[in-house]
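Each chain, written out:
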Amino acid sequence: MKNKNDLKIKLDELHSFYNKRKFVHPDPLEFLYNYKKRDDREIVGLIASSLAYGRVAQILKSVKTILDKMAPSPAEFLMNSSENNLIKTFKGFKHRFTTDEHISSMLLGAKKMIDEEGSLYGAFLAGYSTSDKNILPSLSNFIERLNSVSDQAKNSLISLPCRGSACKRHNLFLRWMVRKDDVDPGGWEKVDPAKLIIPLDTHMYRLGSGMHMTSRKQADMRTAVEITEAFKQISPEDPVKYDFALTRLGIRKEGDPGLFLDSI
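Residues numbered from 1 in each chain as written. Predicted model: local features only at pLDDT ≥ 70, side-chain atom pairs only at ≥ 80, totals over all residues. Heavy atoms only, no water.

Colleague: Would you explain the overall build of the chain in this entry?
Modeller: For the chain, the helix and strand inventory stands at 13 helices and two strands. Taken over the C-alpha trace, the chain has a radius of gyration of 18 Å; the compact-globule value for 264 residues is 18 Å, and the two agree within 12%. Along the longest, intermediate and shortest principal axes, the C-alpha atoms of the chain span 55 × 40 × 35 Å. Looking at the chain as a whole, 56% of its 264 residues are labelled buried. For the chain, the exposed surface amounts to about 12200 Å²; the carbon and sulfur share of it is 49%. For the chain, the separation between the mean place of its 41 positive charges and that of its 34 negative charges on side chains is 4 Å. (Helix = DSSP H or I, 4+ residues; strand = E, 2+ residues; numbered from the N terminus. Rg over C-alpha atoms; globule rule 2.2 N^0.38 Å. Buried < 20%, exposed > 50% of the residue type's maximum accessible area, 1.4 Å probe, protein only. Areas by Shrake-Rupley, 256 points an atom, 1.4 Å probe, with all protein chains shown as cover. Lys, Arg positive; Asp, Glu negative; His and termini not counted. Charge placed at Lys NZ, Arg CZ, Asp CG, Glu CD.)

If you want it as structure tokens, here you go:
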């Protein structure tokens, strides 16, 4: 890793500038701000993060399409819907590799967890241990339960840590649910932010490599954990703190990842 103190200064400057609500759009995170109840935000967050792949304009359109069908309360809609009702409601939906069967199956898995544990938060806590080094064991348990009712060999919305996936979208969901600041709404108070894993995609992988946080050649879970460990040297209690600001460099027109890396 590049000089820790110098890097912290640059990251703090970036965080101070970008970590504001006005820089959220365009980002599927913005949908969570429309819901006051945690139960609704959990469902919205699961949907929005799961569909967060591809062009951002299409992501926002797809998330809105799903949420419009679940208005005004996604949580109440889900808990009052049967499997047949879910299939009928989302019939014909398509988002890149994601089909109507994928979205219905994932939501059915979420409904099953809520029936059993009272909420997605409760379902996550059922597999959570404060003695775990990071969130990976509890995330793996959560995803396994979410995928338990899927009839598909592979649901495009559900990444599997056991297969080495970096689980970028699931870790993004956890960032939204666990962290609470000017951007992330939080709500899962019993989950320690220090255990979160960076949501790793190709953009964050390039930045992590450029900051000498990893020399690995694959953007997989091992690399995500390695980069997270490097961030822990800078922000031990909140290693995912800089994720939102760093991702603005790849989304905002004024952001330039190359210039940032050249500055450190």
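Colleague: Help me out: how do you make sense of helix α10 (residues 202-210) in this one?
Modeller: Residues spaced three or four apart along an α-helix face the same direction, because each turn holds 3.6 residues. Here α10 has its buried residues at His203, Met204, Tyr205, Leu207, Gly208 and Gly210. Lining the buried residues of α10 we find α11 (221-232), α12 (243-248) and α13 (257-262). Capping the start of α10, aspartate 201 holds a side-chain oxygen 3.2 Å from the backbone nitrogen of histidine 203, two or three residues further along. At the C-terminal side of α10, histidine 212 shows a positive phi close to 60 degrees. (Contact = heavy atoms within 4.5 Å. Polar contact = N/O pair within 3.5 Å; in protein donor to acceptor, adjacent residues only side chain to side chain.)

Colleague: So what exactly am I meant to see when it comes to the packing of aromatic side chains here?
Modeller: Both the distance between ring centres and the angle between the ring planes are used here to describe each pair of aromatic rings. Taken as a whole and assessed by the stated rule, the structure comprises 12 aromatic pairs. Relative to phenylalanine 23, the ring of phenylalanine 17 has its centre 5.3 Å away and its plane inclined at 35 degrees; by these criteria the two rings are tilted. Arranged with centres 6.2 Å apart and planes meeting at 20 degrees, the rings of phenylalanine 142 and phenylalanine 173 form a pair that is stacked. Of this pair, phenylalanine 142 sits in helix α8 (residues 136-146) while phenylalanine 173 is found in helix α9 (residues 168-178), placing the two residues 31 residues apart along the sequence. Relative accessible area serves as the criterion here: at 2%, phenylalanine 173 is assigned to the buried category. (Phe/Tyr/Trp six-rings, centres within 6.5 Å; stacked < 30°, edge-to-face > 60°.)

Colleague: Even after reading the chapter, I still don't get the environment of serine 159, so can you show me in this structure?
Modeller: Along the chain, serine 159 falls in the loop between α8 and α9. The spacing of serine 159 and glycine 45 is 114 residues in sequence and 16 Å in space, taken between C-alpha atoms.

Colleague: Hey, could you run me through the packing of α8 against α9 in this one?
Modeller: Geometrically, a packed helix pair is captured by the angle between its two axes and the distance between the axes. Axis separation between α8 and α9 bottoms out at 12 Å; the angle between their running directions is 110 degrees. Relative to α9, α8 is oriented roughly perpendicular. When α8 is examined against α9, the residues Leu139, Phe142 and Ile143 are found in contact with a partner set consisting of His170, Asn171, Phe173 and Leu174. Class assignment of the residues belonging to the contact of α8 with α9 gives a composition of five nonpolar, two polar and no charged. (Axes fitted to C-alpha atoms, helices over the stretch in contact; angles between N-to-C directions. Parallel < 35°, antiparallel > 145°, perpendicular 65-115°, else oblique. Nonpolar A, V, L, I, M, F, W, Y, C, P; charged D, E, K, R; others polar.)

Colleague: What is the right way to read the pattern of salt bridges from this model?
Modeller: Pairing of side chains with opposite charge becomes possible as their charged atoms draw close. Following the criterion strictly, the structure yields 14 salt bridges and no others. Salt-bridge contacts for aspartate 238 lead to arginine 179; the nearest nitrogen and oxygen are separated by 2.8 Å. A residue pair is termed long-range when its members are at least 10 positions apart, and aspartate 238 in the loop between α11 and α12 and arginine 179 in the loop between α9 and α10 qualify at 59 residues. Overall, the relative accessible area of 17% leaves aspartate 238 in the buried class. (Salt bridge = Lys/Arg side-chain N within 4 Å of Asp/Glu carboxyl O.)

Colleague: Is there a simple way to explain unusual backbone geometry in this structure?
Modeller: What you tend to see is this: most non-glycine residues have negative phi, and most peptide bonds are trans. A cis geometry characterises the amide bond from histidine 25 onward to proline 26, with omega recorded as 0 degrees. Along the polypeptide, proline 26 turns up in the loop between α1 (4-18) and α2 (38-50). Omega for the bond connecting alanine 71 with proline 72 falls within 30 degrees of zero, at 0 degrees, which places this linkage in the cis form. Summarising the element assignment, proline 72 is placed in the loop between α3 (56-69) and α4 (74-79). Backbone geometry places arginine 96, a non-glycine residue, at a positive phi of 50 degrees. Along the chain, arginine 96 turns up in the loop between β1 (94-95) and β2 (98-99). Overall, arginine 96 belongs to the partly exposed group, its relative accessible area being 45%. Even without being a glycine, histidine 212 presents a positive backbone phi close to 60 degrees. Positionally, histidine 212 belongs in the loop between α10 and α11. The partly exposed category is assigned to histidine 212, whose relative accessible area is 48%.

Colleague: Got a minute to help me understand the nonpolar core in this structure?
Modeller: One broad rule of soluble globular proteins: the nonpolar side chains tend to lie buried together. Counting residues in each nonpolar core, the largest one holds 83 residues, and the members touching the most others are Leu120, Trp188, Met211 and Leu246. At seven residues, helix α6 (residues 100-117) tops the list of elements feeding residues into this core. Once you skip the residues sitting within four places of it in the chain, tryptophan 188 turns out to touch Arg38, Glu42, Leu120, Tyr121, Phe124, Phe173, Leu174, Met177 and Val178. (Core = buried A, V, L, I, M, F, W, Y, C linked by side-chain atoms within 4.5 Å.)

Colleague: Is there a simple way to explain the packing of α6 against α8 in this structure?
Modeller: Contact geometry of α6 with α8 gives a least axis separation of 8 Å together with a crossing angle of 110 degrees. By the angle between their directions, the pair α6 and α8 is classed as roughly perpendicular. Contact residues: α6 offers Met106, Gly109, Ala110, Met113, Glu116 and Glu117, while α8 offers Phe142, Arg145 and Leu146. Among the residues making up the contact of α6 with α8, the classes are represented as five nonpolar, one polar and three charged.

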